[in-house]
Amino acid sequence: MFKNLNIVVGVTGGIAVFKAVSLVSELVKKGANVYVIMTKNAQEFVTPLTFKSISNNDVVVDMFESPDNWDNKHISLAQKADIMIIAPATFNIIGKVATGIADDFLTTTIAATKSKVVFVPAMNDNMYENKIFIRNTNILKKNSYYFIDPEIGRMACGTFGKGRYPKNEKIIQKLTEIISYNERFKGLNILITAGPTKEYIDPVRYISNRSSGKMGYSIANIANRCGANVKLISGPVNINAEVGIELVNVISANDMNSEVFKSYKNFDIIIMVAAVVDYKMENISNIKIKKENEKMTLNLIKNPDISMNLGSSKDKFLLVGFCAETNNLIENAKLKLKKKKFDMIVANDVTKEGAGFEGDTNVVTIIDCYDNLYNIEKSSKEYIAEKILNNAITLYDKLYRNPRK
Ligand code: PMT
């Protein structure tokens, strides 16, 4: 996997620079072409000669003195990179990249590259929990930069907490996942529905639900970061889609249904996360309804069941459904899987602490058409999105890409 891969390692100034030396050595042993860029502060810990001897390549330390054989421009390394890893990544480098500063060779290369960029933060635990740092990492994550979490332990400064440079094996394993994810998802067309729908009663009132879109957008973001072509059909929410995602905004279940059916044949995987409102007004009043009576009855009719319609038009795409339940979770999810012809269903009991609507976490059970069950404890919606995509791609490969004869 690493053979002949061009990996640019950005080394910034922290005590963990020593560990980056063995990371470079491991990557070289695995057959990668490694090019190291060091910031000025990194050179206070280790000399460029150490990295040069291990990588067998010149080490760039200065914006204006890049070696002659690299076209003499930071752009050439940015273009050459198949992947960039910043290890260790200090508070400073993360802040600079998040705010668009490009004032040395490393930050300029990060700004100019189109390759994946992976940060390995390592710093004092208070710095790691600093709100500005958290804001900066969130900005970068939203813009498709990857992060490998530090470990909890004793820090060089003597304190104990989260911020230790992770083991190199963990970094290599995560890099392997990122690269292989990208190989598996590259070029795949994925359609995702997210958020609630709104069914108008009159010009000022509507029926809807608590879906924030966070679960669906997390799946869209991860798939987009992995190189898939992602179309997101979203009901009204207050979050933004990441750059690279084709976003179509809709209001009602009818709109969502038409949008899905316009293009569903172009997709390899369809993931129905949206909390579609099941009923709509038989007739929407075009003037504000007056409160004249003590009681009021709304005449509702059924909305189209988008996933059910998709299930009956199923061809060579993987159909993944969601299931929001308040009781008999697994039983109801299995029934929905069969009834709607899903290949896989993600069941969440929305009454559980940390699960379901609005929050940043979920608790789910993934059930596939072979009756395999995977329970995921309370985790961030991003983490759950990764697991869902991982299961979906494995099932897609099995059912549609490499079906056994
Ligand atoms: O958006 P968040 O705040 O992050 O919350 C996430 C979530 C709770 C919305 C999400 O995890 C979730 O459970 N989504 C599905 C909600 C739902 O409508 O479940 P359901 O069991 O009613 O529907 C089953 C499946 O049919 C779903 O895939 C749904 O998208 C689909 N459906 C439902 C009704 C309908 N008319 N058309 C559909 O396609």
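Placed above this text is the structure.
So, a few notes on the structure that sits alongside this text. (Residues numbered from 1 in each chain as written. Predicted model: local features only at pLDDT ≥ 70, side-chain atom pairs only at ≥ 80, totals over all residues. Heavy atoms only, no water.)

1. Points about the pattern of salt bridges
Going by this rule: Salt bridge criterion: a side-chain nitrogen from Lys or Arg within 4 Å of a carboxyl oxygen from Asp or Glu. A run of H or I in DSSP counts as a helix once it spans at least four residues, and a run of E counts as a strand once it spans at least two, with each numbered from the N terminus. Throughout, exposure labels follow a simple rule: accessible area from a 1.4 Å probe, protein chains only, divided by the maximum for the residue type, with under 20% read as buried, over 50% as exposed, and the rest as partly exposed.
In total, this model carries 21 salt bridges according to the counting rule given. Linking Glu386 and Lys174 is a salt bridge whose minimum nitrogen-to-oxygen distance equals 3.7 Å. Taken together, the residues Glu386 in helix H13 (residues 381-401) and Lys174 in helix H8 (residues 168-185) connect sequence positions 212 residues apart. A salt bridge links Asp343 to Lys314, with the shortest nitrogen-to-oxygen separation between them at 3.0 Å. Placement of the pair is Asp343 in the loop between helix H12 (329-339) and strand E17 (344-349) and Lys314 in the loop between helix H11 (306-312) and strand E16 (318-325), with a sequence separation of 29 residues. Residue classification places Asp343 among the buried residues on the basis of a relative accessible area of 5%. For Lys314, a relative accessible area of 27% corresponds to the partly exposed category. Connected through shared salt-bridge partners, Lys96, Asp103 and Asp104 make up one network.

2. Some details on the site of the ligand
Test applied: Working definition: residue near molecule or strand if any one of its non-hydrogen atoms lies within 4 Å of it. In protein, a polar contact means a hydrogen-donor-capable atom and an acceptor-capable atom, both N or O and within 3.5 Å, with residues adjacent in sequence counting only if both atoms are side-chain atoms; elsewhere, any N or O pair within 3.5 Å suffices. A 1.4 Å probe and the Shrake-Rupley method give the accessible areas. Residues count as covered only by the protein chains that appear here. With a 1 Å grid laid over protein atoms only, a set of points is called a cavity when a 1.4 Å probe fits there but cannot get out and a pocket when it is open yet has protein on both sides within 12 Å along at least five of seven lines; lining residues have an atom within 4 Å of a point. Think of it this way: if more than half of a molecule's atoms are within 2 Å of a pocket's grid points, that molecule is in the pocket or cavity.
Close contacts around the ligand come from 27 residues, with Ser211, Ser212, Ala274, Lys336 and Asn348 the closest. In this structure, an oxygen atom belonging to the ligand sits 2.8 Å away from a main-chain N or O atom of Gly213. Coverage of the ligand by the protein chains reaches 95% of its 780 Å² of free accessible surface. With respect to the detected pockets, the ligand is housed in the second largest pocket.

3. Some thoughts on the layout of surface pockets
We count it as follows: Grid points are joined across faces, edges and corners, and a volume is the space filled by probe spheres set on the points. The nonpolar class holds Ala, Val, Leu, Ile, Met, Phe, Trp, Tyr, Cys and Pro. Asp, Glu, Lys and Arg form the charged class, and all remaining residues, Gly among them, are polar.
Estimated volume of the largest pocket: approximately 1,300 Å³. Around the largest pocket, the lining comprises 36 residues; the ones closest to its centre are Lys141, Arg225, Ser380, Glu382 and Tyr383. Taken together, the elements giving at least two residues each to the lining of the largest pocket come down to helix H7 (131-142), strand E5 (146-147), H8, helix H9 (214-225), strand E19 (373-380) and H13. Taken together, the residues of the lining of the largest pocket sort by class into 13 nonpolar, nine polar and 14 charged. Empty space within the second largest pocket amounts to approximately 920 Å³. Lining of the second largest pocket is provided by 40 residues; of these, Ala274, Ala275, Val276, Phe322 and Lys340 occupy positions nearest its centre. If you list the elements that add at least two residues to the lining of the second largest pocket, you get strand E8 (189-194), H9, H11, E16 and H12. Of the residues forming the lining of the second largest pocket, the biggest block, four residues, is contributed by E16. Among the residues forming the lining of the second largest pocket, the class breakdown is 18 nonpolar, 13 polar and nine charged.

4. Observations concerning the sheet that holds strand E13 (residues 269-272)
Cut-off, in case you're wondering: Each pair of strands is called paired provided DSSP finds at least two bridges between the two strands. Working convention: axes come from line fits to C-alpha atoms, limited for helices to the stretch in contact. Angles between N-to-C directions cover 0 to 180 degrees. The criterion used for residue contact is that any of the two residues' heavy atoms lie within 4.5 Å.
Strand order in the open sheet formed by eight strands is E12-E11-E8-E13-E16-E17-E18-E19, with mixed pairing between adjacent strands. Where the open sheet ends on each side, the last strands, each with one partner, are strand E12 (246-249) and E19. Across the sheet, the mean angle from the axis of one strand to that of its neighbour is 15°, orientation sign disregarded. Across the face of the sheet, H12 comes into contact with E16, E17, strand E18 (361-368) and E19 while running at roughly 150° to E17.

5. Comments concerning the packing of aromatic side chains
Worth spelling out the cut-off: Here a Phe, Tyr or Trp ring, Trp counted by its six-membered ring, pairs with any other such ring whose centre lies within 6.5 Å, and the pair is stacked when the planes are under 30 degrees apart, edge-to-face when over 60, and tilted otherwise.
Across all of its chains, the model carries eight aromatic pairs by this definition. Look at Tyr128 and Phe133: their rings are 5.4 Å apart centre to centre, the planes differ by 50°, and that puts the pair in the tilted class. By the burial criterion, Tyr128 is buried, and Phe133 matches it. Look at Tyr264 and Phe317: their rings are 5.9 Å apart centre to centre, the planes differ by 80°, and that puts the pair in the edge-to-face class. Of this pair, Tyr264 sits in the loop between helix H10 (253-263) and E13 while Phe317 sits in the loop between H11 and E16; the two residues are 53 residues apart in sequence, bridging distant segments of the chain.

6. With respect to the environment of Asn348
Relative to the helices and strands, Asn348 resides in strand E17. Residue classification places Asn348 among the buried positions, given a relative accessible area of 7%. Residues Asn348 and Phe322, 26 residues apart in the sequence, show an inter-C-alpha distance of 7.7 Å. The contacts of Asn348, once residues within four sequence positions are left out, are Cys323, Ala324, Glu325, Leu329, Gly356, Asn362, Val363 and Val364.

7. Notes on the nonpolar core
Worth spelling out the cut-off: For the purposes of this section, nonpolar cores are sets of buried Ala, Val, Leu, Ile, Met, Phe, Trp, Tyr and Cys residues that join through side-chain atoms within 4.5 Å.
Of all hydrophobic cores here, the largest spans 37 residues; its most connected members are Phe185, Ile190, Ile192, Ile219, Ile271 and Ile388. The leading source of residues in this core is H13, at nine residues. The residues touching Phe185, leaving out its near neighbours within four places in the chain, are Ile190, Cys226, Gly227, Ala228, Leu389 and Ile393.

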